[in-house]
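Spelled out from the first residue to the last, the chains are:
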Amino acid sequence: HVPRIYNSNLLLLLLALIVITILGVSRYLTTLSVYLAPLATAAMLIGILLESRLALLVTALLAMFIGIDTGSLPAAAVGLFTGTVGVLAVARVTRRWDLVMASLLVWGTNIVSVLVFSLLGQDALDGILRDTLFFGGLNGLTAALVAIGALPFLESFFGITTHIKLLELSNPSEPVLHRLLTEAPGTYQHSIMVGNLAEAAAQSIGADALLCRVGAYYHDIGKIRRPRFFVE
């Protein structure tokens, strides 16, 4: 996957756009609190749109930059922990519920990380509550929500088919699949069966099971033009 990214100017542009945007936003937000750098947003977007290992590398580099820029080791550590959890949480997204769980994990990790470093710093109680409940909770929640909200626009603009997009394409209410269901129901049932077989085969060899399943749903889509020519 990584050579594919390095050899594509469009994907490199996407990577640069995410990194520059996060760095620019962080320069402003960290003046309010060192715990407000939205590194989890970059981690989740790169993990979903590009590649998980690349996302981990970029997260580590961004955390290092935040630590240097703010002069705060806790800020760098919190960003690294939260970003890493974000990447791992979206690495195997196969259902929409997985995105919700990823958001909750990022939110919880950010709060716990901020709480730990606030206690280690022996901050006053009001400072601990402010950093943990407000800045930590706000950053963890908004980072995940912004990442999820930006996904459809980035997918469309850069022409990337993520697992989230594949889940949408597998919905029977998708216009083309709905036409197949209503105009060629036999072919639709056949495609569903092929999808189940393809998914099982892909899982057994470690391939992308979701991609195989959704591809199978559409493999006979051309039969819509002359559905009466085909009998299951």
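Residues numbered from 1 in each chain as written. Predicted model: local features only at pLDDT ≥ 70, side-chain atom pairs only at ≥ 80, totals over all residues. Heavy atoms only, no water.

**Notes on the nonpolar core**
Argument step 1. Judged by nonpolar contacts, the single largest core of 40 residues is most densely connected at Leu14, Ile46, Leu49 and Leu50.
Argument step 2. Broken down by secondary-structure element, the contributors of at least two residues to this core are helix H2 (9-29), helix H3 (39-49), helix H4 (52-70), helix H5 (73-90), helix H6 (96-120) and helix H7 (125-158).
Argument step 3. Each residue touching Ile46, except ones within four places of it in the same chain, is listed here: Leu15, Ile18, Glu51, Leu54, Ala55 and Val58.
Argument step 4. Counting residues in hydrophobic clusters, the runner-up holds six residues, among them Leu177, Leu180, Tyr217 and Ile224. (Core = buried A, V, L, I, M, F, W, Y, C linked by side-chain atoms within 4.5 Å. Buried < 20%, exposed > 50% of the residue type's maximum accessible area, 1.4 Å probe, protein only. Helix = DSSP H or I, 4+ residues; strand = E, 2+ residues; numbered from the N terminus. Contact = heavy atoms within 4.5 Å.)

**Description of the confidence of the model for the protein**
Atomic detail in the predicted coordinates should be set aside for any region of low pLDDT.
Argument step 1. Of all residues in the protein, 90% have pLDDT values of 70 or greater, and the mean over the chain is 84.
Argument step 2. Averaged pLDDT values over the elements of the protein bottom out at 73 in helix H1 (residues 2-6) and peak at 93 in helix H11 (residues 209-217). (pLDDT = per-residue confidence, 0-100.)

**Here's the deal with a nonpolar patch on the surface**
Argument step 1. A surface patch of nonpolar side chains, about 660 Å² in accessible area, is lined by Trp97, Val100, Met101, Leu104, Trp107, Leu141 and Leu145.
Argument step 2. Of all the secondary-structure elements, those providing two or more residues to the nonpolar patch are H6 and H7.
Argument step 3. Take the nonpolar patch: its biggest share by element is five residues, from H6.
Argument step 4. If you trace the backbone, Val100 turns up in helix H6. (Patch = residues over 30% accessible without salt bridge, like charges linked within 9 Å, V, L, I, M, F, W, Y side chains within 5 Å. Areas by Shrake-Rupley, 256 points an atom, 1.4 Å probe, with all protein chains shown as cover. Salt bridge = Lys/Arg side-chain N within 4 Å of Asp/Glu carboxyl O.)

**Let's talk about H2**
Argument step 1. Taking 1.5 Å of rise per residue, the 21 residues of H2 would be expected to cover 30 Å, and the 30 Å separating its terminal C-alpha atoms lies within 8% of that figure.
Argument step 2. Turning to H2, its buried residues are Leu11, Leu14, Leu15, Ile18, Val19, Ile22 and Ser26. Along the axis of H2, the buried residues cluster in a sector spanning 120°; they form a single face. Of the exposed residues in H2, the ones pointing more than 90 degrees away from its buried face are Asn9, Ile20 and Tyr28. (Expected span 1.5 Å × (residues − 1). Arc of directions from axis to C-beta.)

**Considerations on the packing of aromatic side chains**
Argument step 1. On inspection of all chains with the given rule, the structure shows one aromatic pair.
Argument step 2. With 5.0 Å between their ring centres and 75° between their planes, Phe157 and Phe158 make a pair best called edge-to-face.
Argument step 3. Take Phe157: its relative accessible area is 63%, and that puts it in the exposed class.
Argument step 4. Of the residues examined, Phe158 reaches a relative accessible area of 6% and is grouped as buried. (Phe/Tyr/Trp six-rings, centres within 6.5 Å; stacked < 30°, edge-to-face > 60°.)

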